[in-house]
Amino acid sequence: MLSLDNFITGSRDNLSMLGENPDFEFRQANVNEHVAVDGDVRYVLHFASPASPPQYDANPIHTLKVGTLGTMNMLGLARAKNATFLLASTSEVYGDPLVHPQPETYWGNVNPIGPRGCYDEAKRCAEAFAMAYHRAHGVDTRIIRIFNTHGPRMQVLDGRAVPNFMAQAIRGQPLTVYGDGSQTRSLCYVSDLVRGVLAVLEKGDDMPVNLGNPEEVTVLELAQIIVRLAGSSSAIEFRPLPVDDPKQRRPDIARARKLLEWQPEVPLEDGLARTLEYFRRVV
Ligand code: UDP
């Protein structure tokens, strides 16, 4: 396995456990530029992109490039190697959804010129690229739409709700809930997501498939659960809601259930407890 990362948001430390593995090779590279790979390639998994709102807000041009040029380059690699290509797309293609829960057939409600546009539109373009290479060049493509996911090895300074709330609860600082906390998210534990990704490679087709956990909570509930799991005495503090923050988000996973015989197995609180164990070690 060859892994490429430019560490814009990733971390070298996360690779340390793979250092001894003779089947794993790492190269620091930017997929927005041409990447030459020797030998046969069976799968190209394109996960590169900042994925946290403050991080893509800090790198908007890079985020646009990796979704567009990066996707084109990785599709080109898959085409040249006759490999299966998988695009890590996102629930953000649904924007601030007017249909709830979100099935793959929903086209979304995205503001192209808002602060999230650099990410949402890049991923929407990435999906269009994947379909174009599939239709025009016959590349074997997969598109997964990943809903909010968490797990060990997220960065403490990632900026998303789970890392922020966990670090704040562990430090006894107030948890920063944006808006009134009534907006909802549905959180998937990383091991369930990884099983889903592997199932898509094995059994998927070229049409997009949602991967996420339909267990929906408000952001305020999420903060309260994390305070309780951490045994913390942190207060909750309300901060301004970021522009275009989606009001609700929950995957309809009927397609994944049928096509992949997949569904999440880790309940919300069990997953959060596992992620919290990791944050206790690093905060
Ligand atoms: N959020 C929050 N406090 C934080 C970070 C995030 O209340 O410190 C909210 C954010 O406004 C959003 C939800 O939590 O409504 C999930 O945000 P996240 O950044 O995790 O991902 P998103 O689903 O927005 O991409």
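Residues numbered from 1 in each chain as written. Predicted model: local features only at pLDDT ≥ 70, side-chain atom pairs only at ≥ 80, totals over all residues. Heavy atoms only, no water.

1. Structural notes on the site of the ligand
Right, so step 1: In the region of the ligand, 18 residues are neighbours, and T176, Y178, R185, D245 and R249 sit closest.
Right, so step 2: One of the side-chain nitrogen or oxygen atoms of N164 is found 2.8 Å away from an oxygen atom of the ligand.
Right, so step 3: Separating an oxygen atom of the ligand from a side-chain N or O atom of Q183 is a distance of 3.0 Å.
Right, so step 4: Within the complex, 95% of the 520 Å² of free accessible area of the ligand lies under protein.
Right, so step 5: Of all the secondary structure elements, the ones that give two or more residues to the shell around the ligand are helix 4 (161-171) and strand 7 (175-178).
Right, so step 6: Within the shell around the ligand, the residues separate by chemical class into seven nonpolar, five polar and six charged. (Near = heavy atom within 4 Å. Polar contact = N/O pair within 3.5 Å; in protein donor to acceptor, adjacent residues only side chain to side chain. Areas by Shrake-Rupley, 256 points an atom, 1.4 Å probe, with all protein chains shown as cover. Helix = DSSP H or I, 4+ residues; strand = E, 2+ residues; numbered from the N terminus. Nonpolar A, V, L, I, M, F, W, Y, C, P; charged D, E, K, R; others polar.)

2. Some details on the sheet that holds strand 3 (residues 43-46)
Right, so step 1: Judged by pairing direction, the sheet is parallel, and its four strands sit side by side in the order 3-4-5-10 without closing on themselves. Taken across any chain shown, the strands that pair with only one partner, and hence form the sheet edges, are strand 3 and strand 10 (209-211). Sheet twist, expressed as the average angle between the axes of neighbouring strands with direction ignored, equals 25°.
Right, so step 2: Together, strand 4 (84-90) and strand 5 (141-146) form the strand contacts of helix 3 (residues 117-137), whose direction differs from that of strand 4 by roughly 155°. (Pairing = 2+ DSSP bridges. Axes fitted to C-alpha atoms, helices over the stretch in contact; angles between N-to-C directions. Contact = heavy atoms within 4.5 Å.)

3. Observations concerning the nonpolar core
Right, so step 1: Grouped together as the largest cluster of nonpolar side chains are 21 residues, with contacts concentrated most on F165, M166, L222, I226 and L272.
Right, so step 2: Elements with a minimum of two residues in this core: helix 4, strand 7, helix 6 (219-229) and helix 8 (268-282).
Right, so step 3: Looking at which element gives the most residues to this core, the answer is helix 6, with six residues.
Right, so step 4: With residues up to four places along the chain from it excluded, the contact list for M166 reads I226, L272, T275, L276 and F279.
Right, so step 5: Listed in part, the 19 residues of the second largest apolar core include M74, A130, V139 and I143. (Core = buried A, V, L, I, M, F, W, Y, C linked by side-chain atoms within 4.5 Å. Buried < 20%, exposed > 50% of the residue type's maximum accessible area, 1.4 Å probe, protein only.)

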